[in-house]
Amino acid sequence: MKIIFTALIASILMFASTSYASAEDFDYTEINTFVKHKDSGVTLGYRTYENKDKTHFIFRKDFDEKYDGYRAEYRYVENGNLHEHWLRVQIKAWSQGGYFYNHRFEHRDREAKYDVLRYRPQFGFMSQTNYGGLVPFVVFEPHWQHSYKEKDTSYSHMQTFIGAEYRVLNNFKIVPQVEIDLDRNFKKEVAHFVVDFKFEF
């Protein structure tokens, strides 16, 4: 029965996410690896892409006690021969019954582009029911962007994530998902597969 439920949920997620995509999509895959130390709240991460020359090196700190719900993050990004430095702060706004909203502010120091400040909140739903080991979710992440040089603030685009979390071991999760990016007019720009490997010690 668990196998049937797992196959059913996976099929529904795949159909819902890929039916909006077209033939030119899915020409690269994003692969993320995160290793978290529970006691310190420190996470080291690495992002790479299959068929795309781009990598992220990630240092993340989740705070507890007085500042519970706060997260600080630094990313060093290599995009071909260009380099970027991202500083991000995340604050948990609320969560209830699987629904959630997080504030996220991000400064990007970029080569060949103007530096920007982005407000990129997350809101979505994560199931509180386990379907044969799979916990499905959907996340929406709109981006508003302020250019320091141009003194311009505008809506940029939105990222949408549809996937499921699967706990392989107590300290190891795999999270397959599909990312669909929409432009400022809410027209699809691109869709691609994403897989996260999450370790916690």
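In case you missed it, the structure is sitting above this.
Residues numbered from 1 in each chain as written. Predicted model: local features only at pLDDT ≥ 70, side-chain atom pairs only at ≥ 80, totals over all residues. Heavy atoms only, no water.

J.: Would you mind going over unusual backbone geometry in detail, with residue names and values included?
T.: Non-glycine residue Asn 51 carries a positive phi angle of around 70°. By relative accessible area, which is 64% here, Asn 51 ends up exposed. Here Ala 112, not a glycine, exhibits a phi torsion of approximately 70°, which is positive. Structurally, the position occupied by Ala 112 is in the loop between β6 (99-110) and β7 (116-119). Judged by its relative accessible area of 74%, Ala 112 falls in the exposed class. (Buried < 20%, exposed > 50% of the residue type's maximum accessible area, 1.4 Å probe, protein only. Helix = DSSP H or I, 4+ residues; strand = E, 2+ residues; numbered from the N terminus.)

J.: Which residues make up the nonpolar core, and what values do they have?
T.: The biggest cluster of nonpolar side chains holds six residues, and these are Tyr 155, Met 158, Val 178, Ile 180, Leu 182 and Ala 191. Elements with a contribution of two residues or more to this core: β10 (152-169) and β11 (172-182). In terms of residues, this core owes the most to one element, β11, which gives three residues. Ranked by size, the runner-up nonpolar core spans five residues in total, among them Phe 100, Phe 137, Val 139 and Val 175. (Core = buried A, V, L, I, M, F, W, Y, C linked by side-chain atoms within 4.5 Å.)

J.: Describe in detail the packing of aromatic side chains, supporting the description with residues and values.
T.: Applying the stated criterion across every chain, the model contains 12 aromatic pairs. Ring geometry for Phe 105 and Tyr 119: centres 5.0 Å apart, planes at 35°, overall tilted. Taken together, the residues Phe 105 in strand β6 and Tyr 119 in strand β7 connect sequence positions 14 residues apart. Among the aromatic side chains, those forming a connected cluster through ring pairs are Phe 105, Tyr 119, Trp 144, Tyr 155 and Phe 186. Geometry around Tyr 49 places Lys 52 over its ring, the cationic atom sitting 5.1 Å from the centre. Cation over ring: Arg 108 sits above Trp 86, and NZ or CZ is 3.6 Å from the ring centre. (Phe/Tyr/Trp six-rings, centres within 6.5 Å; stacked < 30°, edge-to-face > 60°. Lys NZ or Arg CZ within 6 Å of the ring centre and 35° of its normal.)

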